[in-house]
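Listed below, chain by chain, are the residues.
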Amino acid sequence: MSKLIWKPGAIHAPLPPTMVTCGTMKKSNIITVAWTGIVNTIPPMTYISIRPERYSYPILCEQGEFVINLTSAKLIRAADFCGARTGAKIDKFAALSLHKEPCAAVSCPGIAESPLQIACKVKQRISLGSHDMFLAEIASIQVDDALLDESGKLCLERAHLAAYAHGDYYELGKRLGSFGFAVRKKKKFQHKKESHHVNKRSRSALS
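The structure reproduced in this document is the subject of the present report. (Residues numbered from 1 in each chain as written. Predicted model: local features only at pLDDT ≥ 70, side-chain atom pairs only at ≥ 80, totals over all residues. Heavy atoms only, no water.)

1. Some details on the nonpolar core
- Among the nonpolar cores identified, the biggest contains 20 residues, and Ile 48, Ile 50, Phe 66 and Ile 68 are the most heavily contacted of them.
- Listing elements by their share of this core, those giving two or more residues are strand 1 (18-23), strand 2 (28-33), strand 4 (45-50), helix 1 (56-63), strand 5 (65-69), strand 8 (116-127) and strand 9 (132-143).
- Each residue touching Ile 48, except ones within four places of it in the same chain, is listed here: Val 20, Val 33, Trp 35, Thr 36, Leu 60, Phe 66, Ile 68, Asp 132, Met 133 and Phe 134.
- Counting 11 residues, the second largest nonpolar core, distinct from the first, contains Leu 75, Cys 82, Phe 93 and Ile 111. (Core = buried A, V, L, I, M, F, W, Y, C linked by side-chain atoms within 4.5 Å. Buried < 20%, exposed > 50% of the residue type's maximum accessible area, 1.4 Å probe, protein only. Helix = DSSP H or I, 4+ residues; strand = E, 2+ residues; numbered from the N terminus. Contact = heavy atoms within 4.5 Å.)

In structure tokens form, the structure reads like this:
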């Protein structure tokens, strides 16, 4: 497989087109952010990167809190709208008929229609160039109970989450495996089944 060498650029995929909320229950904004991810486990920490000229930037600097709302396929049109329009000129909640709901541990609202919300408290703002990174500790998580099975396990595949790749949106689809499947030992019943077939072939050869 041959490769072409390109100049450095901001290309990575897939990315989560998350809807980030900031402000207060009374006056708030939604900004779509793909530059986000997990950076630490204990304590649980995440980040978002925002251009200083964005309407939400001074709100984030002053408040030091935000909520990452995961985007389902049903919300992708709203996510695209929130990334293309500024909160300086429009109330995005009202324009999209989205509903605010309180989030534990922070004063900014979450989006009620989002299947999972991650409330964050900013610990550090790092100036990187075109964007500033808001490094934050995860203060609380709110999950739609429809995503839990009978044992209480989170089944995030039920959320029909969206992904962003080089200008296009996709819905997550085919399951390829679970963590560790490449090194996981085969289950005992599989070994028994294989042994049964071997023994059966052996008996056939002897008869």
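2. Comments concerning the state of the cysteines
- Applying the stated criterion across every chain yields a total of 0 disulfides.
- Distance from the sulfur of Cys 22, which forms no disulfide, to the nearest cysteine sulfur (Cys 108) is 7.2 Å. (Disulfide = S-S within 2.5 Å.)

3. Looking at the pattern of salt bridges
- With the rule as written, the count across this model stands at 3 salt bridges.
- In this structure, Glu 53 and Arg 51 form a salt bridge, with 3.9 Å as the shortest nitrogen-oxygen distance.
- A relative accessible area of 58% means that Glu 53 is categorised as exposed.
- In this structure, the salt-bridge partner of Lys 121 is Glu 65, at a minimum N-O distance of 2.9 Å. Of this pair, Lys 121 sits in strand 8 while Glu 65 sits in strand 5, and the two are 56 residues apart along the sequence.
- According to the relative accessible area criterion, Lys 121 is partly exposed, its value standing at 29%. (Salt bridge = Lys/Arg side-chain N within 4 Å of Asp/Glu carboxyl O.)

4. Concerning the packing of aromatic side chains
- Enumeration according to the criterion identifies 2 aromatic pairs in this entry.
- Aromatic side chains Tyr 57 and Phe 134 sit 5.8 Å apart centroid to centroid with 70° between the ring planes, which places their arrangement in the edge-to-face category. One end of the pair, Tyr 57, is in helix 1; the other, Phe 134, is in strand 9, with 77 residues separating them in the sequence.
- Judged by its relative accessible area of 1%, Phe 134 is buried.
- Considering the side-chain rings of Tyr 164 and Tyr 169, the 5.3 Å spacing of their centres and the 55° angle between planes classify their relative orientation as tilted.
- Classification of Tyr 169 by relative accessible area gives partly exposed; the value is 32%.
- The lysine or arginine in question, Lys 100, covers the ring of Phe 93, its NZ or CZ lying 5.3 Å from the ring centre. (Phe/Tyr/Trp six-rings, centres within 6.5 Å; stacked < 30°, edge-to-face > 60°. Lys NZ or Arg CZ within 6 Å of the ring centre and 35° of its normal.)

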